[in-house]
Structure formats: structure tokens, C-alpha cells
Amino acid sequence: GAVVSQHPSRVICKSGTSVKIECRSLDFQATTMFWYRQFPKQSLMLMATSNEGSKATYEQGVEKDKFLINHASLTLSTLTVTSAHPEDSSFYICSASGGIRTYEQYFGPGTRLTVT
Amino acid sequence: GQNIDQPTEMTATEGAIVQINCTYQTSGFNGLFWYQQHAGEAPTFLSYNVLDGLEEKGRFSSFLSRSKGYSYLLLKELQMKDSASYLCAVRDPRAGYSTLTFGKGTMLLVSP
């Protein structure tokens, strides 16, 4: 139980385009979903937290107009990187809470974004 | 502010025991997690401590001292597959949900 999927697992896009990453909780209702970014050999940095049906809360320094987060249902959250630049290339990981172990965040497998 | 410190790298040999330390200073505390992360993969849950003391789960144990802001992850009978990054994360309750603040991770290399 408590499986979280992400799609796509890898994406390459051209500079200036937008890319959408989906995060789904497959067997539980995720009341809260989190989006992280991880650069090589660095730790996970929380970008934003979203609760179903409400606006996402962004961490300091994260541009909300560039990283659009939608949490339209209890099983789906999307992150759209708009007008992507090479410096946005990173590993994006989502997590979800709301499973049986309410204290735990369940992580998706991550999405490797490369902007050329 | 949030500050979580753990060593950057550690090395150990197969079959040995290794202890990875984590110290934290955070504005709030509602539990400490340890995750294992292999390169290019998402973190996987290892342990959760909210009360002081030692939690044992197979080859892995985790200890917490809230008064000292200190935790450690103990790995016994090391195997090659244990080579990975180990992330310490503190759960910080705010605004009705709990966020995790991660340390930078400790890269453990297990050699034959």
C-alpha cells in the first residue's frame, strides 16, 4: 500500500518550453502533496506544499509563476515548469501524505528533467 | 531557522557496523525520519522516531535524543547494497500539515 507514481520518469525539453509532471497516489487519498527538487549530490529541497482544492504554499525563493502546482483531486497533483531554462534541469520528486501512517510522506520515483 | 547536520561521506567494509549521526536545530519538531536514497532514485523510508530512545528494525536501528537534538542511524552486518545516501529529515508541524526538512545526506560507501 501507499504507492506514489510520477510521470514521466525522464523528460528532455527545449529551453523556453513548458513541461508538466504528474504525481499520483495509487491506493490512498493524499490530503497533502509535496514537491521537491534535488540537484546532483545535494539534498532534497522542498519547493511547495499543496492541499487538495487549495492553492499551493511555496517555499521562500521558489517562483510560483514559474512552477505551477495544481492539486485538483485527492490522488493527483501536477507540477508545470513554465518557460524552462537549462538551470531548471534537476531531479523533481513528489511525495504524498494521508496514508495509514499519517506521519509519513510516501515518495514517488522522481522525474529527471533536462532542459537543452 | 532550520539546520540539520550530518557527515558528508562515510566508508565501511562489508559485514561491519556503521553509525551515521545527525544533529538538528529546528523551529519545530514532530519526529525525525531516516531515508535511504540510491543514486537517481527516490528516497525510501527506513525509520521514524518521535520519542527518545532506540528503535530497532532488522539490521537498521535509529536513536533519538530530543534534548540534545541528536539522532543516529545504526547499520549492522553491512552489505554492498547498503551503499547509498542516507538522509536525516525532521518533521516540522506548521499550518495544519507537516513538512520535512532534509539534511544534505551522508553518502555511505561499503567496500568488500
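Just above sits the structure.
The sections below set out a description of the structure shown in this document. (Residues numbered from 1 in each chain as written. Chains lettered and ligands numbered in written order. Predicted model: local features only at pLDDT ≥ 70, side-chain atom pairs only at ≥ 80, totals over all residues. Heavy atoms only, no water.)

### Thoughts on the overall build of chain A
Point 1. Secondary structure summary: chain A contains zero helices and 11 strands in total.
Point 2. Along chain A, from the amino end to the carboxyl end, the secondary structure elements read β-β-β-β-β-β-β-β-β-β-β.
Point 3. In terms of overall dimensions, chain A has C-alpha extents of about 40 × 25 × 20 Å along its principal axes.
Point 4. Burial status across chain A gives 51% buried among its 116 residues.
Point 5. Contacts in chain A between residues at least 24 apart in sequence constitute 54% of all its contacts with a sequence separation of at least 6.
Point 6. In the structure as shown, chain A presents an accessible area of about 5,700 Å², 52% of it carried by carbon and sulfur atoms.
Point 7. Between the averaged position of the 11 positive side-chain charges in chain A and that of its 9 negative side-chain charges there is a distance of 6 Å. (Helix = DSSP H or I, 4+ residues; strand = E, 2+ residues; numbered from the N terminus. Buried < 20%, exposed > 50% of the residue type's maximum accessible area, 1.4 Å probe, protein only. Contact = heavy atoms within 4.5 Å. Areas by Shrake-Rupley, 256 points an atom, 1.4 Å probe, with all protein chains shown as cover. Lys, Arg positive; Asp, Glu negative; His and termini not counted. Charge placed at Lys NZ, Arg CZ, Asp CG, Glu CD.)

### Some points on the state of the cysteines
A covalent bond bridging the sulfur atoms of two cysteines is what the word disulfide describes.
Point 1. Summed over all chains, the structure comprises two disulfides over all chains.
Point 2. There is a disulfide in this structure between C23(A) and C94(A), and the S-S distance comes to 2.0 Å. Across the S-S bond of C23(A) and C94(A) the torsion is about 80°, and the bridge reads as right-handed. With C23(A) in strand 3 (residues 19-25) and C94(A) in strand 9 (residues 90-97), this residue pair connects regions lying 71 residues apart in the sequence. Pair check on accessibility: C23(A) and C94(A) agree, each one buried.
Point 3. Each disulfide pairs two cysteine sulfurs, and for C22(B) the partner residue is C88(B), the sulfurs being separated by 2.0 Å. With the S-S dihedral at roughly -70°, the linkage between C22(B) and C88(B) falls on the left-handed side. Placement of C22(B) in strand 3 (residues 18-25) and of C88(B) in strand 9 (residues 84-94) is noted, with a sequence separation of 66 residues between them. Across the pair, C88(B) and C22(B) agree in class, each one buried.
Point 4. With no disulfide of its own, C13(A) has C94(A) as its nearest cysteine by sulfur position, at a separation of 18 Å.
Point 5. We classify C13(A) as buried; its relative accessible area is 9%. (Disulfide = S-S within 2.5 Å.)

### Let's talk about the sheet that holds strand 3 of chain A
Sheets are built from strands paired through backbone hydrogen bonds, the pairs being either parallel or antiparallel.
All names here are of chain A.
Point 1. Spatial ordering of the open sheet is given by 1-3-8-7, a layout of four strands whose pairing is antiparallel. Each edge of the sheet is formed by a strand with only one pairing partner; in this case those strands are strand 1 (4-7) and strand 7 (67-73). Taken over all neighbouring pairs, the strand axes of this sheet differ in orientation by 15° on average, direction set aside.
Point 2. Here strand 1 pairs with strand 3 via four bridges, running antiparallel. Bridged to H7 within strand 3 is E22. (Pairing = 2+ DSSP bridges. Axes fitted to C-alpha atoms, helices over the stretch in contact; angles between N-to-C directions.)

### Quick word on the layout of surface pockets
Point 1. When its volume is computed, the largest pocket comes out at roughly 1,100 Å³.
Point 2. Lining the largest pocket we find 40 residues, and of these Q38(A), Q42(A), S43(A), L44(A) and K104(B) sit closest to its centre.
Point 3. Breaking the lining of the largest pocket down by element, the ones donating at least two residues are strand 4 (32-38) and strand 5 (45-51) of chain A together with strand 1 (3-5), strand 9 and strand 10 (97-102) of chain B.
Point 4. Partitioning the lining of the largest pocket into residue classes produces 15 nonpolar, 17 polar and eight charged. (1 Å grid on protein atoms, 1.4 Å probe; cavity = no way out; pocket = protein on both sides within 12 Å on 5 of 7 lines; lining within 4 Å. Points joined across faces, edges and corners; volume = space filled by probe spheres on them. Nonpolar A, V, L, I, M, F, W, Y, C, P; charged D, E, K, R; others polar.)

### Comments concerning the sheet that holds strand 3 of chain B
Residue and element names in this part refer to chain B.
Point 1. Pairing is antiparallel across the open sheet formed by five strands, whose spatial order is 1-3-8-7-6. Looking at the sheet topology across the chains shown, the edges are occupied by strand 1 and strand 6 (53-57). On average, each strand axis in the sheet is inclined to that of its neighbour by 15°, with strand direction left out of account.
Point 2. Here three bridges tie strand 1 to strand 3, and the two strands are oriented antiparallel to one another. Directly across from D5, in strand 3, lies its bridge partner T23.

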